[in-house]
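Here is what each chain is made of, one letter per residue.
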Amino acid sequence: MPISIHHLRAGDASRWAVRQDGEWAVLDGTLADLLALPLDQARAVVEAAAREAGGDMPGEKALPPVDRQEVWAAGVTYLRSRDGRKEESGHGSLYDHVYDNDRPEIFFKASPWRVVGDRDAVGIRVDSGWDVPEAEVGLVLNAAGDVFGYTLGNDMSSRSIEGENPLYLPQAKIYDRSCALGPAIVPSWAVGPGPFQIGLRVLRAGLEAYAGTTSTSAMARGFEDLAGWLFRALSFPAGVVLLTGTGVVPDADFTVRPGDTIEITSTALGTLTNPVVTVGDATRGL
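All values derive from a computational prediction rather than experimental measurement.

1. A closer look at the side chain of glutamate 136
Within the secondary structure layout, glutamate 136 lies in strand 9 (residues 135–141). Buried and without a salt bridge, glutamate 136 has lysine 173 as its closest oppositely charged side chain, separated by 5.4 Å. Of the polar contacts made by the side chain of glutamate 136, one reaches the backbone nitrogen of threonine 244; its length is 3.4 Å. What glutamate 136 contacts, discounting residues up to four positions off in sequence, is Ala74, Thr151, Leu152, Gly153, Asp155, Ile198, Leu243, Thr244, Gly245 and Thr246.

2. A closer look at the nonpolar core
Leu141, Tyr150, Leu230, Ile262 and Ile264 are the most contacted members of the largest nonpolar core, which totals 40 residues. Residues in contact with isoleucine 264, not counting those within four places in the same chain, are Glu134, Ala135, Leu152, Gly153, Asn154, Ile198, Gly199, Leu200, Gly270, Thr271 and Leu272. Counting 26 residues, the second largest nonpolar core, distinct from the first, contains Ala49, Val66, Phe107 and Ile185.

3. Here's the deal with unusual backbone geometry
In this chain, glycine 182 is followed by proline 183 through a cis amide linkage whose omega measures 0°. Looking along the chain, the bond that leaves glycine 194 and enters proline 195 is cis, with omega of 10°. With respect to the secondary-structure elements, proline 195 resides in the loop between helix 7 (188–191) and strand 13 (197–204). Located in the positive-phi region is aspartate 21, a residue other than glycine, with phi close to 50°. Within the fold, aspartate 21 resides in the loop between strand 2 (13–20) and strand 3 (23–26).

4. Regarding the pattern of salt bridges
All told, the structure shown has 11 salt bridges when counted by the stated rule. Note that aspartate 155 and lysine 173 form a salt bridge whose closest N and O atoms lie 3.0 Å from each other. On the criterion of sequence distance, the pair formed by aspartate 155 in strand 10 (residues 147–155) and lysine 173 in helix 6 (residues 169–173) is long-range, its members being 18 residues apart. Residue class for aspartate 155 comes out buried when judged on its relative accessible area of 1%. A relative accessible area of 2% places lysine 173 in the buried class. In the salt-bridge network here, residues are joined through shared partners; they are Lys109, Glu134, Asp155 and Lys173.

5. Topic: the pairing of strand 14 (residues 207–215)
The pairing of strand 13 with strand 14 spans eight bridges and is classified as antiparallel. Considered in strand 14, the bridge of arginine 201 is made with alanine 211. Where strand 13 hands over to strand 14, the hairpin turn is made up of two residues, of which alanine 205 adopts a positive phi near 55°.

6. Re helix 2 (residues 39–51)
Compared with the 18 Å implied by 1.5 Å per residue over 13 residues, the 18 Å span of helix 2 between its first and last C-alpha is a close match. Residues of helix 2 that are buried include every one of Ala42, Val46, Ala49 and Ala50, and no others. In an axial view of helix 2, the angular spread of the buried residues amounts to 105°, which keeps them on one side of the axis. Exposed and facing more than 90 degrees away from the buried side of helix 2 are Asp40 and Arg51. Those residues of helix 2 hidden inside the fold are in contact with strand 1 (3–10), strand 2, strand 3, helix 1 (31–35), strand 10 and helix 7.

7. Quick look at the sheet that holds strand 7 (residues 122–125)
The strand order across the open sheet built from five strands is 7-17-16-13-14, with neighbouring strands paired in mixed fashion. In this open sheet, the two edge strands, each paired with only one partner strand, are strand 7 and strand 14. Neighbour to neighbour, the strand axes of the sheet diverge by 25° on average, direction disregarded. The pairing of strand 16 (residues 261–266) with strand 17 (residues 270–279) spans six bridges and is classified as antiparallel. Across the sheet, the residue bridging to threonine 265 is threonine 271, located in strand 17.

8. Section: the packing of aromatic side chains
Geometrically, a pair of aromatic rings is defined through the distance of the ring centres and the angle of the planes. Per the stated rule, a full pass over the model turns up eight aromatic pairs. Ring plane angle 45° and centroid distance 5.9 Å describe the contact between tyrosine 150 and phenylalanine 223, whose orientation is recorded as tilted. Here the residue tyrosine 150 occupies a position in strand 10, and phenylalanine 223 occupies one in helix 8 (residues 223–230), the gap between them amounting to 73 residues. Overall, phenylalanine 223 belongs to the buried group, its relative accessible area being 11%. Aromatic side chains tyrosine 210 and phenylalanine 254 sit 5.5 Å apart centroid to centroid with 35° between the ring planes, which places their arrangement in the tilted category. Of the two residues, tyrosine 210 is situated in strand 14 and phenylalanine 254 in the loop between strand 15 (240–243) and strand 16; the sequence distance between them amounts to 44 residues. For tyrosine 210, a relative accessible area of 16% gives the class buried.

Reading the values: rules and limits
- Residues numbered from 1 in each chain as written.
- Predicted model: local features only at pLDDT ≥ 70, side-chain atom pairs only at ≥ 80, totals over all residues.
- Heavy atoms only, no water.
- Helix = DSSP H or I, 4+ residues; strand = E, 2+ residues; numbered from the N terminus.
- Buried < 20%, exposed > 50% of the residue type's maximum accessible area, 1.4 Å probe, protein only.
- Lys, Arg positive; Asp, Glu negative; His and termini not counted.
- Salt bridge = Lys/Arg side-chain N within 4 Å of Asp/Glu carboxyl O.
- Polar contact = N/O pair within 3.5 Å; in protein donor to acceptor, adjacent residues only side chain to side chain.
- Contact = heavy atoms within 4.5 Å.
- Core = buried A, V, L, I, M, F, W, Y, C linked by side-chain atoms within 4.5 Å.
- Pairing = 2+ DSSP bridges.
- Expected span 1.5 Å × (residues − 1).
- Arc of directions from axis to C-beta.
- Axes fitted to C-alpha atoms, helices over the stretch in contact; angles between N-to-C directions.
- Phe/Tyr/Trp six-rings, centres within 6.5 Å; stacked < 30°, edge-to-face > 60°.

Remember that the coordinates give geometry; whether it matters functionally is a separate question.
Written out as structure tokens, the structure is:
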């Protein structure tokens, strides 16, 4: 990553910083401030900071690369994702329709305070028995809907809950620790529009339990198309992150377990690493 934007913990506060060629510089303001600007002005701010890079990392811990941004997600954007949904569900024709239709599936994924970052734990629901990571490219969109940058995302998903009934998708997708982003934001002008290669590995007791790869070139929809649908009737003054779907879906006999480690890697965007824990209380509602 020749240039990247990081969210860092510094004492009791947080700050944003630019890293270029291993050197660091603090950014004035927040990501929300940058994403409120036109793209050319935001680029000028980032590049001005990069020219001053030369210090050590100005923080103690990496934080998720969001501050006031909601996270939304698109589904069934890859053929493998469509097939995976059909595999887990008795409603196969529904997913054919979503894959082929002009209007994509777009759903709310996480409030910013629910997002975890690199090295933080992601969760699997205590009331789910079949759970997988979903390795995705996240679009960091500014207030005008332009692609400011990219990050890696893990859209954790309960296949057992969504497979039982498609109307259960919010419970399958939205819960504590269900969304990881990171390790940083790579500006769109630094890497171009892709395609991006994405690798997914699940490590269990230090050994590889699952591995798969995909490329955004296999998507049935383009980044700009997905962003346009998200902004069609919604506004995001502080910007937004849009996960673009996964092309890596483990077979039906695989589920992640507490204690596993998930690695999502892209040469252009870095590596996002998260251990797995169980979240929730199985006795609530009984």
